[in-house]
Amino acid sequence: MAKNEKDRKLTAAEERRLTIFESKKKTLKKRGYKETELTIGIVKANIIALIMAVPVSVVAIALFFLLNRSFYVDTEHIVRDNIIFFVSIFLLIVVHELVHGITWAVMSPNHFKDIEFGFMLEYLTPYCTCKEPLRKGPYIMGALMPLIVLGIIPLIVGIATGSFFLLAVGIVMTATAAGDMMIVYNILKYKTDSKDVLIVDHPTQGGSVVFER
């Protein structure tokens, strides 16, 4: 593994995306846009995901048992239930990226032709990226949709219905969206007076690049 994430060896797909990005950047700069990188560290995002799981778990489980006082653990099928849970999480991590892709594809000019999926082997991290610049609203919507669909909704439904399985799924999938939340936080924190703002995924790193004029 490279000491610095920016120095890691790029895959052929990343090299191709970087070439496409540089071409788009050149075109945008000719049109008067200026560029600002808002990237995040993949390792840092993964660490924050683990840390975030603790307070999310504490609050969610406390609410669950407060509203579901008659809940009991089915110890007879605990092994089976745990296997189903971990298989479900593995599949939902893939679905997480698909939700990014579907949401961005709806709002991107060339739809799924602008979407690409991949896997950073060094960090065991799957990803979805949109190669076309998007307006702030659509970009943020695509970034947060997996958090909402796979994290917050199952969490709320699990608490409301007394399903500990959905609660646990919601907790884990909320934590796995830590990187997405960091990306959106950086975008919202970035202040600009420009009326024309475009956001594009960084082609080789976590995070985005803002173009404004």
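Right above here is the structure, for reference.
Draft legend 1. The pattern of salt bridges, seen in detail. Under the criterion given, the structure shown has 10 salt bridges. As a salt-bridge pair, Arg17 and Glu116 come within 2.7 Å of each other at their nearest N and O atoms. With Arg17 in helix α1 (residues 12-30) and Glu116 in strand β2 (residues 115-120), this residue pair connects regions lying 99 residues apart in the sequence. Residue Glu116 is classed as buried on the basis of its relative accessible area, which comes to 9%. Salt-bridge contacts for Lys25 lead to Glu35; the nearest nitrogen and oxygen are separated by 3.7 Å. You can see Lys25 sitting in helix α1 and its partner Glu35 sitting in strand β1 (residues 34-40), a full 10 residues away along the chain. A relative accessible area of 24% means that Glu35 is categorised as partly exposed. Each of Arg16, Arg17, Glu116 and Lys131 takes part in one network of salt bridges that share partners.

Draft legend 2. Geometry of the sheet that holds β1. Pairing in this open sheet of three strands is antiparallel, and the strands run β1-β5-β4 from one edge to the other. Two strands bound the open sheet, and with one partner strand each, they are β1 and β4 (197-201). Neighbouring strand axes in the sheet, compared pairwise and without regard to direction, differ in orientation by 20° on average. Summarising the sheet, β1 and strand β5 (residues 206-212) pair through seven bridges and their orientation is antiparallel.

Draft legend 3. Layout of unusual backbone geometry. Look at His111: it is not a glycine, yet its phi comes out positive at around 55°. Tracing the sequence through the fold places His111 in the loop between α3 (78-107) and β2. The class for His111 is partly exposed, based on a relative accessible area of 43%.

Draft legend 4. Examining the nonpolar core more closely. Residues Trp104, Ile115, Tyr139, Ile187 and Val210 are the most contacted members of the largest nonpolar core, which totals 20 residues. Secondary-structure elements contributing two or more residues to this core are β1, α3, β3 (125-130), α4 (136-161), α6 (178-189) and β4. In terms of residue count, the dominant contributor to this core is α6 (four residues). If sequence neighbours within four positions are ignored, Tyr139 has contacts with Trp104, Leu134, Ile183, Ile187, Ile199, Val200, Asp201, Gly207 and Ser208. The next biggest cluster of nonpolar side chains, apart from the first, holds 10 residues, and it includes Ala60, Phe64, Ile171 and Ala178.

Parameters and conventions
- Residues numbered from 1 in each chain as written.
- Predicted model: local features only at pLDDT ≥ 70, side-chain atom pairs only at ≥ 80, totals over all residues.
- Heavy atoms only, no water.
- Salt bridge = Lys/Arg side-chain N within 4 Å of Asp/Glu carboxyl O.
- Helix = DSSP H or I, 4+ residues; strand = E, 2+ residues; numbered from the N terminus.
- Buried < 20%, exposed > 50% of the residue type's maximum accessible area, 1.4 Å probe, protein only.
- Pairing = 2+ DSSP bridges.
- Axes fitted to C-alpha atoms, helices over the stretch in contact; angles between N-to-C directions.
- Core = buried A, V, L, I, M, F, W, Y, C linked by side-chain atoms within 4.5 Å.
- Contact = heavy atoms within 4.5 Å.

The analysis is restricted to geometry; functional conclusions fall outside its scope.
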